[in-house]
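# Residue-level structure breakdown
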Amino acid sequence: MTWTAPELAPTRTLVGADERPMLQSWLDFHRQILLGKCGGLDGEQLATRSVQPSSLSLLGLVRHLTEVERGWFRLSAAGEDVEPVYGSEEQPDADFDDVASLSAEKVFAAFHAEVTACDAAVAALSLDHVFHVPWRSDGYTLRWVYLHMIEEYARHNGHADLLRERIDGVTGSF
């Protein structure tokens, strides 16, 4: 039997809350949008590329955002010693380029595990927690990471919307 990405019901964001729960709500909302765009598709459909020469696919987006979550929340903000999930120095874009290397089911499991690990890694940190990354001299705050991740998902969810429409014509909130 072929694995199919689960269908999800749309979630809502908080409309009135303190800053941290509001940021978490918007991040969770955008995580669900990405997964919702994949709902009902099998591995082959999820790996479908947009148009040449782009390597963009829904599966690649899920892999990419798994990598980005790990990089900003766990590696950078929390200072954990973790390796990239998909990429390497030899293949920095493996998350997009190498979509046939893992089953879609394993990719989705890795995404869910990473989101859980990321949320746990920063749960005790203040939004004002400052950290540095090797490629910039600026100090970043956890607040900045939340805002950046919401923006990152929103941008890629636009890509996911177009990819899904190309695959089977489905449009809408999911």
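Each remark here, short or long, concerns the structure printed above.
A few points on the structure. Numbers given to residues run from 1 along each chain, matching the order in which its sequence is written. Local features in this predicted model are restricted to residues of pLDDT 70 or higher, and side-chain atom pairs are both shown and tallied only at a pLDDT of 80 or more, whereas totals for entire chains, interfaces and linings draw on every residue. For side-chain calculations, the full set of non-hydrogen atoms in the structure is used, while hydrogens and water are omitted.

### Regarding the pattern of salt bridges
- We count a salt bridge whenever a side-chain nitrogen from Lys or Arg sits within 4 Å of a carboxyl oxygen from Asp or Glu. Throughout the structure, instances matching the rule amount to 13 salt bridges.
- Of the charged contacts in the structure, one is a salt bridge between Glu19 and Arg143, with a shortest N-O distance of 2.7 Å. One end of the pair, Glu19, is in helix H1 (residues 19-38); the other, Arg143, is in helix H6 (residues 142-168), and 124 residues separate them in sequence.
- Overall, Glu19 belongs to the partly exposed group, its relative accessible area being 40%.
- One salt-bridge network, in which partners are shared between bridges, spans Asp28, Arg31, Glu69 and Asp119. Every helix listed is a DSSP run of H or I at least four residues long, and every strand listed is a run of E at least two residues long, numbered separately from the N terminus. Exposed residues in this analysis have more than 50% of their type's maximum accessible area, buried residues have under 20%, and partly exposed residues fall in between, with area computed by a 1.4 Å probe over protein chains only.

### Things to note about the side chain of His64
- Within the secondary structure, His64 is located in helix H3 (residues 58-77).
- Separated by 3.1 Å, the side chains of His64 and Glu152 make a polar contact.
- Leaving out residues up to four positions away in the same chain, His64 has contacts with Asp95, Phe96, Glu152 and His156. Any N or O atom pair separated by 3.5 Å or less is treated as a polar contact, with the protein-specific requirement of one donor-capable and one acceptor-capable atom, and with residues adjacent in sequence counted only for side-chain atom pairs. For this analysis, residues touch if any pair of their heavy atoms sits within 4.5 Å.

### Focus: the side chain of Arg74
- Tracing the chain through its elements places Arg74 in helix H3.
- Given the relative accessible area of 13%, Arg74 is considered buried.
- Separated by 2.9 Å, the side chains of Arg74 and Glu114 make a polar contact.
- When near neighbours in sequence (up to four residues on either side) are disregarded, Arg74 contacts Glu69, Gly79, Glu80, Val82, Glu114, Ala117, Cys118 and Ala121.

### Comments concerning the packing of H1 against H6
- Axis angles are defined between N-to-C directions and span 0 to 180 degrees, where every axis is a line fitted to C-alpha atoms and, for a helix, only to the segment in contact. At a closest axis distance of 9 Å, the pairing of H1 and H6 adopts a crossing angle of 20 degrees. Accordingly, the angle class assigned to the pair H1 and H6 is roughly parallel. The way H1 lies across H6 gives a crossing that is left-handed.
- Residues are grouped as follows: nonpolar covers Ala, Val, Leu, Ile, Met, Phe, Trp, Tyr, Cys and Pro; charged covers Asp, Glu, Lys and Arg; every other residue, Gly included, is treated as polar. Here the contact of H1 with H6 is composed, by residue class, of 14 nonpolar, four polar and seven charged. For this classification, under 35 degrees means roughly parallel, over 145 means roughly antiparallel, 65 to 115 means roughly perpendicular, and everything else is oblique. Helix crossings get a hand from a simple test, with the near helix turned counterclockwise from the far one by less than a right angle marking a left-handed crossing and a clockwise turn marking a right-handed one.

### Re H1
- In a helix, the anticipated span is given by 1.5 Å times the number of residues less one. Over its 20 residues, H1 runs 29 Å from end to end, which matches the ideal 28 Å to within 8%, given 1.5 Å per residue.
- Of all the residues in H1, the buried ones are Leu23, Gln24, Ser25, Leu27, His30, Arg31, Ile33, Leu34, Leu35, Gly36, Lys37 and Cys38.
- Here the buried face of H1 lies against helix H2 (43-46), H3, helix H5 (104-122) and H6.
- Looking one or two residues past H1, Gly40 carries a phi angle of roughly 85 degrees, positive in sign.

Geometric values such as these leave the question of function open.
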